[in-house]
Amino acid sequence: QRAGAAAASVAGRLYVCGGAFGPKMLQSAECFDPAVGIWEQLPKMTSRRAYVAAAALAGRLHVFGGSGGGQCLDSAELFDPAIAEWTPMPALSERRSG
């Protein structure tokens, strides 16, 4: 059971990332392709995060803040589907979660 995950659509696919399983913050991410009807496991995010925000921009998935297990995060990262890789982004000006 995953709680506090974030989702966004990029290029017709649905991405779900992060969340919590009980007290454990997750680093996992998955992609659903409706054309084939299957979920694909993605590389792990660079940070464990739940209650995170996600947005699609310029063909990439961006995730921001969240909870790292006891503290709000100021980190952000992006996933580029073209190279299947997470890249850290500059830190947010304030820690955010929820």
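For the structure itself, look to the data block above.
Nothing here was measured: the structure is a model prediction, and the numbers come from that model.

Scoring rules and cut-offs
Residues numbered from 1 in each chain as written. Predicted model: local features only at pLDDT ≥ 70, side-chain atom pairs only at ≥ 80, totals over all residues. Heavy atoms only, no water. Helix = DSSP H or I, 4+ residues; strand = E, 2+ residues; numbered from the N terminus. Polar contact = N/O pair within 3.5 Å; in protein donor to acceptor, adjacent residues only side chain to side chain. Contact = heavy atoms within 4.5 Å. Disulfide = S-S within 2.5 Å. Buried < 20%, exposed > 50% of the residue type's maximum accessible area, 1.4 Å probe, protein only. Phe/Tyr/Trp six-rings, centres within 6.5 Å; stacked < 30°, edge-to-face > 60°. Pairing = 2+ DSSP bridges. Core = buried A, V, L, I, M, F, W, Y, C linked by side-chain atoms within 4.5 Å. Axes fitted to C-alpha atoms, helices over the stretch in contact; angles between N-to-C directions.

A. Focus on the side chain of D80. Residue placement: D80 occurs in strand β9 (residues 76-80). Polar side-chain contacts of D80 include one of 2.9 Å to the backbone nitrogen of A82. Discounting residues that sit within four places of it in the chain, D80 has contacts with R60 and E85.

B. Examining the state of the cysteines more closely. Enumeration according to the criterion identifies 0 disulfides in this entry. Lacking any disulfide linkage, C17 is separated from the closest cysteine sulfur, that of C31, by 11 Å. Taking the relative accessible area as the measure of exposure, C31 reaches 3% and is therefore buried.

C. Quick look at the side chain of Q27. By the secondary structure assignment, Q27 is in the loop between β4 (24-25) and β5 (29-33). Only 2.7 Å separates the side chain of Q27 from the backbone oxygen of M45, close enough to count as a polar contact. Aside from chain neighbours lying at most four places away, what touches Q27 is K44, M45, T46, S47 and R48.

D. View of the packing of aromatic side chains. This structure, assessed with the given rule, holds 3 aromatic pairs. Plain terms: the ring middles of F32 and W39 are 5.1 Å apart, the flat faces sit at 45 degrees to each other, and that makes the pair tilted. W39 gets classed as partly exposed once you look at its relative accessible area, which sits at 44%. Look at F79 and W86: their rings are 5.1 Å apart centre to centre, the planes differ by 50 degrees, and that puts the pair in the tilted class. Using a relative accessible area of 2% as the deciding quantity, one classes F79 as buried. For W86, a relative accessible area of 7% gives the class buried. Cluster of aromatic residues (ring-pair linked, three or more members): Y15, F79 and W86.

E. How the structure looks around the pairing of strand β7 (residues 53-57). Relative to strand β8 (residues 60-64), β7 is paired through 5 bridges, and the arrangement is antiparallel. Residue pairing for β8: A55 is matched across the bridge by H62. Counted along the chain from β7 to the antiparallel partner β8, the turn is 2 residues long, and its residue A58 has a positive phi close to 55 degrees.

F. Summary view of the nonpolar core. Grouped together as the largest cluster of nonpolar side chains are 14 residues, with contacts concentrated most on Y15, C17, L42, L61, V63, F79 and W86. Secondary structure elements with two or more residues in this core: β1 (6-10), β2 (13-17), β5 and β8. If one sorts the elements of this core by residue count, β1 sits on top with 3 residues. Contact partners of Y15, with chain neighbours within four places excluded, come to A6, A7, A8, V10, E30, C31, L42, L61, F79 and P81.

G. Layout of the sheet that holds β9. Across the sheet, 4 strands lie side by side as β7-β8-β9-β10; this open sheet has antiparallel pairing. If you trace the sheet from one side to the other, it starts and ends with β7 and β10 (85-89), each paired once. Averaged over all adjacent pairs, the angle separating strand axes in this sheet is 25 degrees, with direction ignored. Note that β8 and β9 share 4 bridges and pair antiparallel. Each bridged residue has a counterpart across the sheet, and for H62 the counterpart in β9 is L78.

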